[in-house]
Amino acid sequence: MILTQEQEMIRDAMRDFSRERLAPFAEAWDRDHTFPREALKELAELGALGMVVPEQWGGAGMDYMSLVLAIEEIAAGDGATSTIVSVQNSLACGIPNRYGNDAQKEQWLKPLARGEMLGCFCLTEPHVGSDAGAIKTTAVKDGDAWVLNGVKQFITTGREADVAIVFAVTDKAAGKKGISCFLVPTTAPGYVVGRIEEKMGQKASDTAQILFENCRVPADALLGEEGQGYKIALSNLEAGRIGIASQCLGMARAALEAAVKYAHERETFGKPIFEHQAVNFRLADMATQLEAARQLVWHAASLKDAGRPCLKEASMAKLFASEMAEKVCSDAIQIHGGYGYVTDFPVERIYRDVRVCQIYEGASDIQRLVIGRALAD
Ligand SMILES: CC(C)(COP(=O)(O)OP(=O)(O)OC[C@H]1O[C@@H](n2cnc3c(N)ncnc32)[C@H](O)[C@@H]1OP(=O)(O)O)[C@@H](O)C(=O)NCCC(=O)NCCSC(=O)CCS(=O)O
């Protein structure tokens, strides 16, 4: 697939930004659990927080291909920042962009797309992850308001967000068709930030448990139709999964580049290890797997840009890219030997950061389930 000149320019600008403003700080942010607020502000100025939202609604009006290129570059600098950016674009902006009315777009989408606000996506619950249709959080109509009660789990940017997109049951008898979607300001009384998870990686991005304790929002907080929530969640996870797959490309590329550099510097048996065929072949396999994943991601993004269905292709891209990335990052550690296992080199952090890509926004086996179902059609 050949990129347009404009797409190449976006990629190059993001690459420069990532090298200067993300990569040099990623280790310290990880160590100190620092939320990258300043970097996000700068990314907002570059239009990277609402890339595919039309300009009319505060976005950059770009295509999905540009978004995946940007996410790859951001992830190459810092995996945690790329998660925040991916969730912001695909879910926090993606859902109101697609389902919001004009008033909701004015109030929420514009500041989200400009990056003046951050958003989070509250679907998963402590006992409900893959089986998303089984959520228990409720929203009950009370006069002119909705009152939400329940607990959401593993919410990216849950503590830092200004607005949450929340899925709750409004009609228990209707099953999955009784789930609705709400825009909840995080300042609403009853939006309570619970535990902040202590994670294996991506420590610069906050992952929170969110409690809804009689959280009262006005009637116009309902996003889309009552009962449409499950469909809204699943249809946007499709774009979310392309975003996660792009992150995998960036992190795997950073690990590959670190391994190539180290292989040129490190000598054994009288020559750089790059010249040992065992190492060179390993690097060749890593580069090939990475490129194969990139083609899947670009294919899914190009279908999305063409307005064509891409549920299966998005799942294929996420499945392959996330499993590829863990293997490439593991191989990068292997090439570094003992130095790959300590924090002096970036591959240790990247390996920890990339692991969750096989889990969030639909675990690998959920992607297999979606792909398998498509084979039956
Ligand atoms: C496991 C599942 C795939 C099971 O799905 P279901 O069988 O329960 O649902 P379906 O019957 O397939 O679909 C229900 C309904 O939605 C419509 N639908 C589905 N997909 C799309 C789509 N891509 N575009 C448009 N519409 C769609 C479908 O046609 C049905 O409509 P009708 O009823 O026919 O009218 C599913 O539960 C699943 O994907 N599970 C995984 C959930 C998941 O990924 N969770 C992660 C959440 S996010 C996270 O972890 C962190 C977020 S963040 O980083 O903070």
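Since this is a predicted model, take the numbers as computed values, not measurements.

**Student:** When you look at the domain arrangement of the chain in this model, what are you seeing that I'm missing?
**Tutor:** How big an interface is tends to be reported as the loss of accessible area on association of its parts. As assigned here, the chain comprises domain 1 (5–118), domain 2 (120–229) and domain 3 (231–376). In this structure, domain 1 and domain 3 have C-alpha centres spaced 20 Å apart. On the side of domain 3, 30 residues touch domain 1, which itself brings 26 residues to the contact. The tally of links between domain 1 and domain 3 comes to four salt bridges. Asp30 is the salt-bridge partner of Arg352, the closest N and O atoms lying 2.8 Å from each other. The interface formed by domain 1 and domain 3 includes 10 residue pairs in polar contact (both at pLDDT 80 or more). Of all the secondary-structure elements, those providing two or more residues to the side of domain 1 that touches domain 3 are helix 1 (5–32), helix 3 (64–77) and helix 4 (79–99).

**Student:** Quick question: what am I supposed to make of the packing of aromatic side chains here?
**Tutor:** Centre-to-centre distance and the angle between the planes together describe a pair of aromatic rings. With the rule as written, the count across this model stands at six aromatic pairs. Measuring from centroid to centroid gives 5.2 Å for Phe121 and Phe167, while their planes differ by 65 degrees, and the two rings are edge-to-face. Placement of the pair is Phe121 in strand 1 (residues 119–122) and Phe167 in strand 4 (residues 163–169), with a sequence separation of 46 residues. Relative accessible area serves as the criterion here: at 0%, Phe167 is assigned to the buried category. Here Tyr262 and Phe345 contribute two aromatic rings whose centre-to-centre distance is 5.4 Å and whose plane-to-plane angle is 85 degrees, an arrangement assigned as edge-to-face. A residue pair is termed long-range when its members are at least 10 positions apart, and Tyr262 in helix 6 (residues 229–265) and Phe345 in the loop between helix 8 (311–336) and helix 9 (347–354) qualify at 83 residues. The class of Tyr262 is buried, set by a relative accessible area of 7%.

The rules we used
- Residues numbered from 1 in each chain as written.
- Predicted model: local features only at pLDDT ≥ 70, side-chain atom pairs only at ≥ 80, totals over all residues.
- Heavy atoms only, no water.
- Domains from an automatic or database assignment.
- Contact = heavy atoms within 4.5 Å.
- Salt bridge = Lys/Arg side-chain N within 4 Å of Asp/Glu carboxyl O.
- Polar contact = N/O pair within 3.5 Å; in protein donor to acceptor, adjacent residues only side chain to side chain.
- Helix = DSSP H or I, 4+ residues; strand = E, 2+ residues; numbered from the N terminus.
- Phe/Tyr/Trp six-rings, centres within 6.5 Å; stacked < 30°, edge-to-face > 60°.
- Buried < 20%, exposed > 50% of the residue type's maximum accessible area, 1.4 Å probe, protein only.

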